[in-house]
Amino acid sequence: MNKITLALASAASLALAACGGETEEPMADDTAMADQMANDTAETGTIVDVAQGDSQFSTLVSAVTAAGLGETLSGEGPYTVFAPTNDAFGKIPEATLTELTTNDTETLGNILQYHVVEGNVDAATLTQAITDAGDAGYTINTVGGGTLTANVVDGNVVLTDAAGGTSTVTATDVAASNGVIHVIDTVLMPQ
């Protein structure tokens, strides 16, 4: 059950992080982080396994478990997950996060699904889609039924959620056997 939860959380987080780095080439730190996570994937497998193997996603894994999404994110996929880090979850008031993970798991599930996209969307594909979309930005449809808008701002991929909040992709193309994870710095909200 813990692996399932981590997978879901990781998927959600990755869905948010898919737009990291510069227009075509990620920054050196982002590339090193993605390379390390990709190497870890060979040992761990699914999106959930990868998230469980990285301590920066422990809150995401706990949230995925609480929402009962682990099995889904450990499934065949492929999925693209914009995965919020522990620091991203730390921006949410502790009382709110506790309420979501203990009493309002339906809302938590909706938030996490807002971070997941069907298909394997790597950074190069996402960046090209943003370029092709122009100034209005590229619209991303999530598995939760909502949309995100992706733009490049100062060389970084930035996702805008339905509430007008933004999250920057900080690392891209973390490979998993059932998709890819992009790391983001803020939890996205569907409304």
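Model, not experiment: these values are computed from the prediction.

Calculation notes
Residues numbered from 1 in each chain as written. Predicted model: local features only at pLDDT ≥ 70, side-chain atom pairs only at ≥ 80, totals over all residues. Heavy atoms only, no water. Helix = DSSP H or I, 4+ residues; strand = E, 2+ residues; numbered from the N terminus. Buried < 20%, exposed > 50% of the residue type's maximum accessible area, 1.4 Å probe, protein only. Contact = heavy atoms within 4.5 Å. Arc of directions from axis to C-beta. Pairing = 2+ DSSP bridges. Axes fitted to C-alpha atoms, helices over the stretch in contact; angles between N-to-C directions. Core = buried A, V, L, I, M, F, W, Y, C linked by side-chain atoms within 4.5 Å. pLDDT = per-residue confidence, 0-100. Polar contact = N/O pair within 3.5 Å; in protein donor to acceptor, adjacent residues only side chain to side chain.

Caption draft 1: Inspection of the overall build of the protein chain at higher detail. Helix and strand counts for the protein chain come out as 9 helices and 7 strands. Classification of the 191 residues of the protein chain by burial places 46% in the buried group. Restricting the contact set of the protein chain to residue pairs at least 6 apart, pairs at least 24 apart contribute 78%.

Caption draft 2: Main features of helix α4 (residues 58-67). Burial in α4 covers these residues: Leu60, Val61, Ala63 and Val64. All buried residues of α4 lie within an arc of 165 degrees about the axis, which places them on one face of the element.

Caption draft 3: Up close: the sheet that holds strand β7 (residues 179-184). Pairing within the open sheet is mixed, and its 7 strands lie in the order β2-β1-β7-β6-β5-β4-β3. Both outer strands of the open sheet, β2 (116-118) and β3 (138-141), are each paired with one neighbouring strand and no more. Along the sheet, successive strands turn relative to each other by an average axial angle of 35 degrees, direction set aside. With 3 bridges joining them, strand β1 (residues 79-84) and β2 adopt antiparallel strand pairing. Across the sheet, residue Thr80 finds its bridge partner in β2, namely Val117. Against the sheet, helix α9 (residues 123-133) contacts β1, β3, β4 (147-153), β5 (156-160), β6 (166-176) and β7, and its axis sits at roughly 130 degrees relative to β3.

Caption draft 4: Inspection of the environment of Val153 at higher detail. The residue Val153 is located in strand β4 in this model. A C-alpha to C-alpha distance of 9.0 Å links Val153 and Thr168, two positions 15 residues apart in sequence.

Caption draft 5: Representation of the nonpolar core within the structure. Leu60, Phe89 and Leu112 are the most contacted members of the largest nonpolar core, which has 29 residues in total. Residue assignment for this core shows that the elements contributing at least two residues are α3 (47-52), α4, β1, α6 (86-89), α7 (94-102), α8 (105-113), β6 and β7. Counting 13 residues, the second-largest nonpolar core is a separate cluster that includes Phe82, Ile140, Leu159 and Leu188.

Caption draft 6: Spatial organisation of the confidence of the model for the protein chain. This prediction gives the protein chain a mean pLDDT of 82; 77% of its residues lie at or above 70. With pLDDT under 50 throughout, residues 1-42 is counted as low confidence; its partners more than four residues away or in other chains account for 196 contacts.

Caption draft 7: Quick peek at the side chain of Ser167. Position of Ser167 among the secondary structure elements: in strand β6. Residue classification places Ser167 among the buried residues on the basis of a relative accessible area of 1%. A distance of 2.9 Å separates the side chain of Ser167 from the backbone oxygen of Thr186, its partner in a polar contact. Aside from chain neighbours lying at most four places away, what touches Ser167 is Val157, Val158, Leu159, Ile184, Asp185, Thr186 and Leu188.

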